[in-house]
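What follows is each chain in one-letter form.
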Amino acid sequence: MKIIVTGGAGFIGGNFVHYEVKNYPGDQIVNLDLLTYAGNLETLKPVEDAPNYRFVRGDIADREFVFGLFEEERPDAVVNFAAESHVDRSIEDPGIFVRTNVMGTTTLLDACKEYGIGRYHQVSTDEVYGDLPLDRKDLFFTEETPLHTSSPYSASKASADLFVQAYHRTFGIPTTISRCSNNYGPYHFPEKLIPLMISRALADRELPVYGKGENVRDWLHVEDHCAAVDLILRHGKVGEIYNVGGHNERTNLEVVQTILRALGKPESLIRFVTDRPGHDLRYAIDPAKLTGELGWKPRYDFDSGIRQTIRWYLEHEDWWQRILSGEYSKYFDDMYGKRLG
Ligand code: NAD
Ligand code: TDX
């Protein structure tokens, strides 16, 4: 099978490319990525010489380019990870989220319609369901939970999901959608909570926790997400949506405290800063459909996963230091300059 993986130079897409290249030497993986600020070819070093792997730089929202690539490659499947993925950036500049996340998705779907496809898989997020109250631990997102978005990011991801479902129903494109909770693990860009806190704590710098740090996220190790996407791609039922999560809810403050303990750093580094506008309170996934229908089970719980992740960041300082020394440091100053004072 030939698979076009979009966004494969990013965090989850990169881990997915590693997973597919290693586990399916008979398949061909074409990694299509624009290499925005979040794309990093160094993430692909372990696979770049593999015979079943090819990298192509391009924009999923560029129709002529995407159609040209489909004409050339004639893929059997597409897995779409490419996106603008950071909520805080979507609050600063929503337009690029509409272009990449919505128009990029419809451009890929149009190419699938034109050239035919065995399977189109859309990598979505639990954020399309909005949030759950902090005081109702009994509530979880299921695939039937209504879409109810908070940020421009989640609105763009929900819009993309609706187009995927429309292309399935109207044009018969064989689609699947996965909606996963927060990921963490190797190659995570250090603008997101966990790698940001690890890299700053190691440098003994203040750790900006939004609001009171009481918001809850449901953390899943990226390898477990990749295994779920692979299972859905190969065995999931066409037209279906699958939630992905491993019941690992933690408050943000608990996550930061866990990282500080593991690194032997003091809690005095924590700074409670101005909250994110529209900040979702709690995410919690019910993965019963995925476990029941496809037999998926996560390999990591949060404690083992965060230990592995922290070890990876300690052993791969060159990977994230190169990011921090580049364009990202200017972004950090713009985003946190006022908050940290
Ligand atoms: P990321 O920001 O690390 O990577 C995104 C990748 O997409 C980058 O390599 C970037 O260069 C590429 N890209 C951006 N615009 C592009 C364009 N127009 N054309 C081609 N490539 C483009 O994101 P991530 O955290 O790896 O997330 C991947 C996907 O998973 C996203 O769709 C995101 O919504 C979804 N998701 C993420 C999480 C999470 O916790 N990170 C959880 C659930 C779902
Ligand atoms: O500096 C920070 N301080 C802080 O308190 C940052 C960057 C975040 N936070 C909080 C906000 C959230 O409650 O930590 C939590 C996690 O924040 P992010 O890492 O920005 O992730 P989140 O907003 O939850 O979204 C993530 O999960 C769902 C991904 O970025 C999305 O792409 C995915 O769809």
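Below, the structure is looked at part by part. (Residues numbered from 1 in each chain as written. Chains lettered and ligands numbered in written order. Predicted model: local features only at pLDDT ≥ 70, side-chain atom pairs only at ≥ 80, totals over all residues. Heavy atoms only, no water.)

Focus: unusual backbone geometry
This is how the line gets drawn: Strands here are runs of E lasting at least two residues and helices are runs of H or I lasting at least four, both read from the DSSP assignment and numbered beginning at the N terminus.
A positive phi angle, near 45°, is found at Arg74, a position not held by glycine. As for its placement among the helices and strands, Arg74 is situated in the loop between helix 2 (63–73) and strand 4 (77–80). Residues other than glycine seldom take positive phi values, yet Asp204 does so here, at roughly 55°. Tracing the backbone through its elements, the reader meets Asp204 in the loop between helix 6 (193–202) and strand 8 (207–210).

Quick look at the site of ligand 2
Spelled out, the test is: For this purpose, a residue is taken to be near a molecule or strand whenever a single non-hydrogen atom of the residue falls within 4 Å of it. Definition of a polar contact: a pair of N or O atoms within 3.5 Å, with one able to donate and the other able to accept a hydrogen when the atoms are protein atoms, and with sequence-neighbouring residues admitted only if both atoms are side-chain atoms. All accessibility values rest on the Shrake-Rupley procedure with a 1.4 Å probe; residue burial counts only the protein chains present in the view. Here the term charged refers only to Asp, Glu, Lys and Arg, the term nonpolar to Ala, Val, Leu, Ile, Met, Phe, Trp, Tyr, Cys and Pro, and the term polar to all other amino acids, Gly among them.
Residues in close proximity to ligand 2 total 21 residues, the closest being Glu127, Tyr153, Arg276, His279 and Tyr336. Between ligand 2 and Pro208 there is a distance of 2.8 Å, counted from a nitrogen atom to a backbone nitrogen or oxygen. Contacts to ligand 2 include Arg276, whose side-chain N or O atom sits 2.6 Å from an oxygen atom. Contact with the protein chains hides 94% of the accessible area of ligand 2, taken as 650 Å² for the molecule alone. The class makeup of the residues in the shell around ligand 2 is nine nonpolar, seven polar and five charged.

Some points on the site of ligand 1
Near ligand 1 lie 29 residues; those nearest to it are Ile12, Asp33, Ser85, Tyr153 and Lys157. Within the backbone of Gly10, one N or O atom sits 2.9 Å away from an oxygen atom of ligand 1. Across the complex, the protein chains shield 96% of the 840 Å² of accessible surface that ligand 1 would expose by itself. Those elements giving two or more residues to the shell around ligand 1 turn out to be helix 1 (11–23), strand 5 (119–125) and helix 5 (152–171). In terms of residue count, strand 5 provides more of the shell around ligand 1 than any other element does, three residues in total. Classifying every residue of the shell around ligand 1 by side-chain character gives 13 nonpolar, 12 polar and four charged.

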